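Coordinate inspection notes
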Protein chains: 2
Amino acid sequence: MAEVTPWEVSGEVDYDKLVAEFGTRKMDGELGRRLVSLAGEDHVMLHRKFFFSHRDLDLVLKDYESKKGFFLYTGRGPSGPMHIGHLIPLIFTKWLQERFKVNLYIEITDDEKFVCKKEADWDHIQKAAADNMLDIAAVGFDPERTFIFKDSEYIKNVYPLMLKVAKKINLTTTRAVFGFNDQTNIGLNFYPAYQIIPTLFEKKRCLIPAAIDQDPYWRIQRDIAESLGFEKTAAIHSKFLPPLSGMAGKMSSSQADTAIWLTDGPKVVRNKVMKYAFSGGRATVEEHRKLGGNPDVDVAYQWLSILFEEDDAKLKKLHDDYKAGALLTGELKQVLVDRLNEFLAAHAKRREHAAHALRQMTHEGKLARKMWETNHVE
Amino acid sequence: MAEVTPWEVSGEVDYDKLVAEFGTRKMDGELGRRLVSLAGEDHVMLHRKFFFSHRDLDLVLKDYESKKGFFLYTGRGPSGPMHIGHLIPLIFTKWLQERFKVNLYIEITDDEKFVCKKEADWDHIQKAAADNMLDIAAVGFDPERTFIFKDSEYIKNVYPLMLKVAKKINLTTTRAVFGFNDQTNIGLNFYPAYQIIPTLFEKKRCLIPAAIDQDPYWRIQRDIAESLGFEKTAAIHSKFLPPLSGMAGKMSSSQADTAIWLTDGPKVVRNKVMKYAFSGGRATVEEHRKLGGNPDVDVAYQWLSILFEEDDAKLKKLHDDYKAGALLTGELKQVLVDRLNEFLAAHAKRREHAAHALRQMTHEGKLARKMWETNHVE
């Protein structure tokens, strides 16, 4: 049985079941086409249904069409270095910002990462946060329209509004929504108030691109936002990037070998993919040539499908050749290795030059300056 | 039955029972004499046993004698204007600061006042906080050794340390200590972490002069402080100033007529005392002259005893004359009225000139400047 909470994703995830359980809506073809049409271009993660579920995305598009507008919000828990799975929602978020020219708020949840694990160390989290923020800036958001903030640094500006939100949430709710119990510490129990805050940064509808495990926060937000004079947030939910080890769970920082880190060099990437990537291939080359492989469970193929091979025709050829046995596992993996290494090299290069953009997004850009001058009370 | 929690004090309070129930220690004669001897003078509130209970005051005095030193901490919940009962622990705190030349931290708990009551209004609390801080500054603390801070303003400097404290407190604890339940909002449930923070401002022992209803916070502090590398806090507990209406409960902001507000003019004070002060006198003058009054239940006499008549001989004469029937209720009340009006006039005058001292205590004094430069992490 799969378990999906903001703190753990394990097991084989049945995404249709999650949509039913969480009460979200599947992205249907029509809504997807409307989004693409308004954006003026398609995106591989939409196209391949990696973003598969939503709340009120139709209303967001309506607000966009009526010139009321909307804004974007996503975040990162700085528990350690970032792997490739962490970048995925950010890449899609960047595309949304570019296409719709909207403000984007990125919350770095150092407080949550500290209170959610007993052994978490504050200094370690602060170092991870600084490191992560540079990776995030390297994604290339609009420096005048993006505000990246660390919870512990921005707390003074939001604390009164957090208290207003906190007053609307009781222990029955955090018990029901997050499974908190009497052993839960009061810091973790308070934290949901902060994760809700950025949805209230503007008096417009907020759209949150994030993996579906974060949805419980948005359920609470949608219950209380209107009573505080704000809009219910919208969300667009992604699946999880499967770990190298197979299609169950999500890529996790606690299993270092099954993740590709943003700092992994070309040889490390090659070794990891060759050694750990769960394969849909056969036990021997002879068998594979004769019977063919299974791309549906092959992690290399899945990664190519989610992000690294945007060209439908090329992807189809990989799929068909693999299934037919014409393409061997090692060859398919090599395709992924090459794409991954190109991607990581480009990221590393952007990261080298991201310090200035980061300063703009945290302090000096147009939106950042405005946010530091704002005391959020209502 | 009396109920005593940080949010409510009702009924006839049995202070001996509270000492047993809370697990504090009564101030015995020897400890009181040691405090007076080190202070170099006596204080009426010690002398009359208004401060009646403590935790580790003996260790505080030992730290003072060994030159390790200690520091003071008290606070105020800015729910509205202040009455005379609110000033009492502050007056005693000022005396302690003067006699021992120590740092003092005064927490203005605007966050707690907002989350503890459903109908509480943020703007109202902010106005009350500004008003209260001027009254507090008027008490006359040492502007270089005092730091007055509002929770919502100082939050950024303490948030990491608050999270460390919060991580040590779970829902079982807040349920047991404060009686929180599933309907308690997550803001109120988090708040105890903040009230504990100032006890960790220095790596010395903290001494908290406050009414005994605040003790539950210090119990939690004493359970967790050492594991965080700090000292268990000490406390010196006062009784409650009885309301005009009689010896039960404490003077309360929600019953305006039974309190003397710091802004009450001479006529208002006279009218309130004459009309509402519960009297130990007899029904008629004739009966009173014949049978005498009961000073033990007479609120005017009790107030004189706690603060307003420092001279033992004069107090004894009031007591004996009242008991003998020589002093009438109206005459006894007039003695209190005169003292109250002198006290309030002096306070009002000091308050008029307190703005500069307040700026020092909040921002510009030696301790305040140091505190704004400090990020409390450990």
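Quick note: structure is the one above.
Scope of this entry: the structure provided in the associated data block. (Residues numbered from 1 in each chain as written. Chains lettered and ligands numbered in written order. Predicted model: local features only at pLDDT ≥ 70, side-chain atom pairs only at ≥ 80, totals over all residues. Heavy atoms only, no water.)

Considering the overall build of chain A
A tally of regular secondary structure across chain A gives 19 helices and nine strands. Computed over C-alpha atoms, the radius of gyration of chain A comes to 21 Å, within 12% of the 21 Å expected from 2.2 N^0.38 for 378 residues, which places it in the range of a compact globule. Within the span of chain A, comprising 378 residues, buried residues form 58% of the whole. Across chain A, contacts joining residues at least 24 apart in sequence account for 79% of those joining residues at least 6 apart. In the form shown here, chain A has an accessible surface area of approximately 15,700 Å², with 50% of it arising from carbon and sulfur atoms. Separation between the mean location of the 54 positive side-chain charges and that of the 54 negative ones in chain A comes to 2 Å. (Helix = DSSP H or I, 4+ residues; strand = E, 2+ residues; numbered from the N terminus. Rg over C-alpha atoms; globule rule 2.2 N^0.38 Å. Buried < 20%, exposed > 50% of the residue type's maximum accessible area, 1.4 Å probe, protein only. Contact = heavy atoms within 4.5 Å. Areas by Shrake-Rupley, 256 points an atom, 1.4 Å probe, with all protein chains shown as cover. Lys, Arg positive; Asp, Glu negative; His and termini not counted. Charge placed at Lys NZ, Arg CZ, Asp CG, Glu CD.)

Points about empty space enclosed by the protein
Residues and elements named next belong to chain B. Following the criterion strictly, the structure yields one cavity of 30 Å³ or more and no others. For the largest cavity, the calculated volume is near 30 Å³. Together, M133, I148, F149, K150, E153, T362, H363 and W372 line the largest cavity. Taken together, the elements giving at least two residues each to the lining of the largest cavity come down to β7 (146-150) and α18 (355-364). Here the lining of the largest cavity is built from residues that sort into four nonpolar, two polar and two charged. (1 Å grid on protein atoms, 1.4 Å probe; cavity = no way out; pocket = protein on both sides within 12 Å on 5 of 7 lines; lining within 4 Å. Points joined across faces, edges and corners; volume = space filled by probe spheres on them. Nonpolar A, V, L, I, M, F, W, Y, C, P; charged D, E, K, R; others polar.)

Some words on the nonpolar core
In this structure, Y194 of chain A together with Y194 of chain B are the most contacted members of the largest nonpolar core, which totals 94 residues. Among residues more than four places away in sequence, those in contact with Y194 of chain B are Y159 of chain A together with E107, D111, F149, K150, D151, Y154, I155, V158 and M162 of chain B. Formed by 69 residues, the second largest nonpolar core is a distinct cluster that contains M27, L46, L87 and V139 of chain B. (Core = buried A, V, L, I, M, F, W, Y, C linked by side-chain atoms within 4.5 Å.)

A few points about the environment of E65 of chain B
Residues and elements named next belong to chain B. When you line up the elements, E65 lands in helix α4 (residues 57-65). For the pair formed by E65 and A368, sequence separation is 303 residues and the distance between their alpha carbons is 26 Å. When sequence neighbours within four positions are dropped, the list of residues in contact with E65 reads R34 and L38.

Brief notes about the sheet that holds strand β5 (residues 70-76) of chain A
Residue and element names in this part refer to chain A. One open sheet accounts for seven strands, arranged β3-β4-β9-β8-β5-β6-β7; its pairing is mixed. A single partner strand is all that each edge strand has here, and the edge strands are β3 (25-26) and β7 (146-150). In the packing of helix α5 (residues 84-100) onto the sheet, contacts are made with β4 (51-55), β5, β6 (104-108), β7, β8 (205-211) and β9 (234-238), and the angle to β5 comes to roughly 160 degrees. (Pairing = 2+ DSSP bridges. Axes fitted to C-alpha atoms, helices over the stretch in contact; angles between N-to-C directions.)

A short note on the packing of aromatic side chains
Throughout the structure, instances matching the rule amount to 49 aromatic pairs over all chains. Between the aromatic rings of F51 of chain A and F92 of chain A, the centroid separation amounts to 4.1 Å while the plane-to-plane angle is 25 degrees, which identifies the pairing as stacked. Of this pair, F51 of chain A sits in strand β4 while F92 of chain A is found in helix α5, placing the two residues 41 residues apart along the sequence. F92 of chain A shares its class with F51 of chain A; the two are buried. With a centroid separation of 6.0 Å and an interplanar angle of 40 degrees, the aromatic rings of Y15 of chain B and F240 of chain B are classed as tilted. (Phe/Tyr/Trp six-rings, centres within 6.5 Å; stacked < 30°, edge-to-face > 60°.)

Remarks on helix α1 (residues 15-22) of chain B
Residue and element names in this part refer to chain B. Along α1, the residues classified as buried are Y15, L18, V19 and F22. Along the long axis of α1, the arc covered by the buried residues comes to 100 degrees, so they all point the same way. Set apart from the buried face of α1 by more than 90 degrees, the exposed residues are A20 and E21. (Arc of directions from axis to C-beta.)

Digging into the pattern of salt bridges
All chains considered together, the criterion is met by 48 salt bridges over all chains. A salt bridge links R25 of chain A to D58 of chain A; the nearest nitrogen and oxygen atoms lie 3.6 Å apart. Residue R25 of chain A is found in strand β3, and its partner D58 of chain A is found in helix α4 (residues 57-65); the two are separated by 33 residues along the sequence. Ionic pairing is found between K94 of chain B and E98 of chain B, a salt bridge with its closest N-O pair at 3.0 Å. (Salt bridge = Lys/Arg side-chain N within 4 Å of Asp/Glu carboxyl O.)

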